[in-house]
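# Structure assessment
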Amino acid sequence: MSSSTAASKPSAIAEASPLSLCTREPHVPADRLVAEMVPPPRFDSVRFSTYIPDPNQPSQIEAVGVLEDFAGGLGGAHASGAGKTKRGFLGFGRSKAPKTPAGPRGVYLDGGYGVGKTHLLASLWHATPAEPSLKAFGTFVELTNLVGALGFQQTVQTLSGHRLLCIDEFELDDPGDTVLVSTLLGKLVDAGVALAATSNTLPGKLGEGRFAAADFLREIQGLSAHFRALRIDGEDYRHRGLPEAPAPYSDEQVTKAAYATEGASLDDFPHLLEHLARVHPSRYGALTDGLKAVCLTDVQPIPDQSTALRLVVLADRLYDREVPVLASGLPFDQLFSEEMLKGGYRKKYFRAISRLTALARDAKGLVPA
């Protein structure tokens, strides 16, 4: 066989064929869901000292100081509510706080995409002086999935012993989630658990544009009462001074890169979207276990909102795990229709675009220059 013939066959490039997300159907036990409630790999090493505030955005500098003080105030806290430090939870003063601190028992980081909210939330988790088993960190979706896996009462019992619960990407997509989370957080606060959350929506505005929020105003206001909101302004750091996202590659380039990259997956994008409908979103993290890169051919516009929301969760899990994404077809900023980008889930879609664009940049090295 000539060298030119061998080079034309992907199997000659690597000893093994690429992996496929479409062949994976992971089953995740409930105890793994609890054990994995820690900052994702991308945020393993982040600290307040590694957060670089935009000098033109004083709210970023202020947020670091408030959160450092908040973490310090949790040093003597117990889930039972006893033994809290002199600072209390949110007074941040030096005088002795009452036994039952008044006001919100949590902090809520509100801001746009890429201003470092998750970096700060993970830094708070790392800075809180407690064993990892006494701190929980997860996205809003992962929290609701935990309730689904354990049941409501078991989730309350499991998390009530924690000193801190960090909830990333706090969003309310339907009335059921509103009531569920409002009740859950109320019970955890009563048990002495401190809360911290990030979102692109202020607590009092959660649910707007998604359902008849006015019908659930009491629950939404109850959620808001648990938090002191901190606004973090700024532009998406993923686009500060960085080059534009690379244009999509050809099917042949993506396929060759998949065969040449150990631990890469290779899937046709429309087939992957169909497969995601058969896997519960709580398992999307396990779906990406061990992947070094995701290669996708024939990227097309998302056909409907349910499919779009599943892709958002997958994009989050890939971003958390720093898995580069190499793709052919349409660029990622054309995934969602204009109607979707103007609707109630627009913030989720813009976040997905931002994160997939960052992962596309990370994948440039997979294709020979």
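Placed above this text is the structure.
Residues numbered from 1 in each chain as written. Predicted model: local features only at pLDDT ≥ 70, side-chain atom pairs only at ≥ 80, totals over all residues. Heavy atoms only, no water.

### Observations regarding the sheet that holds strand 3 (residues 164-168)
One key point about sheets: their strands pair by backbone hydrogen bonds, in either a parallel or an antiparallel sense. Reading across the sheet, the five strands line up as 2-3-4-1-5 and stay open at both edges, with parallel pairing between neighbours. Looking along the sheet, the strands with just one partner apiece sit at the ends: strand 2 (135-139) and strand 5 (227-232). Pairs of neighbouring strands in the sheet enclose a mean axial angle of 15°, with direction left out of account. Of the pairings in the sheet, the one linking strand 2 to strand 3 comprises five bridges and is parallel in character. Looking across to strand 3, one finds that Lys135 is bridged to Leu164. Against the sheet, helix 5 (residues 140-150) engages strand 2 and strand 3, with an angle of about 110° to strand 2. (Pairing = 2+ DSSP bridges. Helix = DSSP H or I, 4+ residues; strand = E, 2+ residues; numbered from the N terminus. Axes fitted to C-alpha atoms, helices over the stretch in contact; angles between N-to-C directions. Contact = heavy atoms within 4.5 Å.)

### Some points on the pairing of strand 7 (residues 293-299)
Most of strand 7 is tucked away: six of the seven residues are buried. As paired elements, strand 6 (residues 264-268) and strand 7 share five bridges and run parallel to each other. The residue bridging Asp267 from the neighbouring strand is Leu296, located in strand 7. Where strand 7 meets strand 8 (residues 325-329), four bridges bridge the pair, whose relative direction is parallel. Bridging from a neighbouring strand, Val294 pairs with Val325 of strand 8. (Buried < 20%, exposed > 50% of the residue type's maximum accessible area, 1.4 Å probe, protein only.)

### Considerations on the packing of aromatic side chains
Applying the stated criterion across every chain, the model contains five aromatic pairs. Relative to Phe170, the ring of Tyr108 lies with its centre 6.1 Å away and its plane at 50°, an arrangement referred to as tilted. Placement of Tyr108 in strand 1 (residues 106-111) and of Phe170 in the loop between strand 3 and helix 7 (175-190) is noted, with a sequence separation of 62 residues between them. Of the two residues examined, Tyr108 and Phe170, each falls in the buried class. Aromatic side chains Phe140 and Phe170 sit 5.0 Å apart centroid to centroid with 45° between the ring planes, which places their arrangement in the tilted category. Highlighted residues: Phe140 in helix 5 and Phe170 in the loop between strand 3 and helix 7, separated in sequence by 30 residues. Note on Phe140: relative accessible area 3%, which makes it buried. Put simply, the rings of Tyr108, Phe140, Phe170 and Phe227 pair up and form one aromatic cluster. (Phe/Tyr/Trp six-rings, centres within 6.5 Å; stacked < 30°, edge-to-face > 60°.)

These results come straight from atomic positions and should not be treated as a statement about function.
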